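Secondary and tertiary structure notes
So the chains spell out like this:
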Amino acid sequence: FAGALTSANLTKFLEEELFNSIQPFSSAMVNHVFLRGKPALFFLRNPDAVSTKRISSGFQSAWKELKGKIFMIETDIVEPLEIRLADFLGIEDEALPAVRLVEPSETEHQFNKYKMKSDLTGDNFVSF
């Protein structure tokens with residue numbers, strides 16, 4: 001953190017840090033993505049699946065190219081907030097792992113949701 005220690009500077013710094021790392025899904029992410037209308041790439045995973053570690057590695061690789069451009073959120077579907085997210089995105093447990101892109105539409109409080117249909121790899125996350 002550099003600069004004067006003010007509420008505005010600290011808030012800006014924290015928001016930039018959230019944007020510059022892969023985040024778990026949380027109420028803070030709800031605020032940024034769904035209330036402030038920031039685009040997000042969601043990786044919803046099954047922690048017991050053999051492919052989860054490989055896909056997570058690809059997601060982290062993609063983050064290196066996408067950081068600062070889009071929120072990248074990696075989450076399980078266990079907690080109530082995560083379950084609500086999966087419902088919103090139309091994802092059932094059987095469909096895991098899954099990747100969705102969510103971005104604000106021109107209509108207030110409406111979102112465009114895109115399903116990634118290609119292989120879940122780092123290069124495909126970037127091109128998606």
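Anyway, here's the lowdown on the structure attached to this text. (Residues numbered from 1 in each chain as written. Predicted model: local features only at pLDDT ≥ 70, side-chain atom pairs only at ≥ 80, totals over all residues. Heavy atoms only, no water.)

Our focus in this paragraph is the overall build of the chain. Scanning the chain from terminus to terminus reveals 5 helices and 5 strands. Beginning at the N terminus, the succession of helices and strands in the chain can be written as α-β-α-β-α-β-α-β-β-α. The C-alpha radius of gyration computed for the chain amounts to 15 Å, which stays within 12% of the reference 14 Å derived for 128 residues, consistent with globular compactness. Principal-axis analysis of the C-alpha atoms gives the chain an extent of 50 × 30 × 30 Å. By residue count, 35% of the 128 residues in the chain fall in the buried class. Taking the contacts inside the chain whose residues are at least 6 apart along the sequence as the reference set, 63% of them involve residues at least 24 apart. (Helix = DSSP H or I, 4+ residues; strand = E, 2+ residues; numbered from the N terminus. Rg over C-alpha atoms; globule rule 2.2 N^0.38 Å. Buried < 20%, exposed > 50% of the residue type's maximum accessible area, 1.4 Å probe, protein only. Contact = heavy atoms within 4.5 Å.)

Our next topic: a nonpolar patch on the surface. A cluster of nonpolar residues, Leu5, Leu10 and Leu14, forms a patch on the protein surface that exposes about 310 Å² of accessible area. Considering the arrangement of structural elements, one finds Leu5 in the segment before helix H1 (7-19). (Patch = residues over 30% accessible without salt bridge, like charges linked within 9 Å, V, L, I, M, F, W, Y side chains within 5 Å. Areas by Shrake-Rupley, 256 points an atom, 1.4 Å probe, with all protein chains shown as cover. Salt bridge = Lys/Arg side-chain N within 4 Å of Asp/Glu carboxyl O.)

With that out of the way, let us pick up unusual backbone geometry. With an omega of -5 degrees, the peptide bond between Leu96 and Pro97 qualifies as cis. Of note, Pro97 is situated in the loop between helix H4 (80-89) and strand S4 (98-104).

Here 5 strands make up an open sheet; going across it, the order is S1-S3-S2-S4-S5 and the pairing mixed. Edge positions in the sheet fall to strand S1 (22-23) and strand S5 (111-115), since each has one partner strand and no second. Pairing geometry for strand S2 (residues 40-44) and strand S3 (residues 71-75), over 5 bridges, is parallel. Each residue of the ladder has a partner; that of Leu44, found in S3, is Thr75. The strands touched by helix H2 (residues 27-35) within the sheet are S1, S2, S3, S4 and S5, with S3 carrying the most contacts at an inclination of about 135 degrees. Packed on one face of the sheet, helix H3 (residues 52-66) meets S1, S2 and S3 and runs near 165 degrees to S3. (Pairing = 2+ DSSP bridges. Axes fitted to C-alpha atoms, helices over the stretch in contact; angles between N-to-C directions.)

Of all the 5 residues making up S3, 5 are buried; the element is thus mostly covered by neighbouring parts of the structure. Going residue by residue along S3, you find Phe71, Ile73 and Thr75 tucked away on one face and Met72 and Glu74 tucked away on the opposite face as well. Examined bridge by bridge, S1 and S3 share 2 bridges and lie parallel to one another. Looking at S3, one finds that Gln23 is bridged to Ile73. You can see the chain leave S2, run along H3 and come back into S3, and the turn it takes is right-handed. (Right-handed = clockwise from strand over helix to strand, strands pointing away.)

This next bit is on the side chain of Glu74. Note on placement: Glu74 falls in strand S3. Residue class for Glu74 comes out buried when judged on its relative accessible area of 8%. Leave out the neighbours within four places in its chain, and Glu74 touches Ile22, Gln23, Pro24, Phe25, Phe43, Arg45, Ser56 and Phe59.

On to the pairing of S2, then. Counted residue by residue, S2 has 5 buried out of 5 residues, so it is predominantly covered. Side-chain alternation along S2 places Ala40, Phe42 and Leu44 on one buried face and Leu41 and Phe43 on a second face that is also buried. With 5 bridges joining them, S2 and S4 adopt antiparallel strand pairing. Directly across from Phe42, in S4, lies its bridge partner Arg100.

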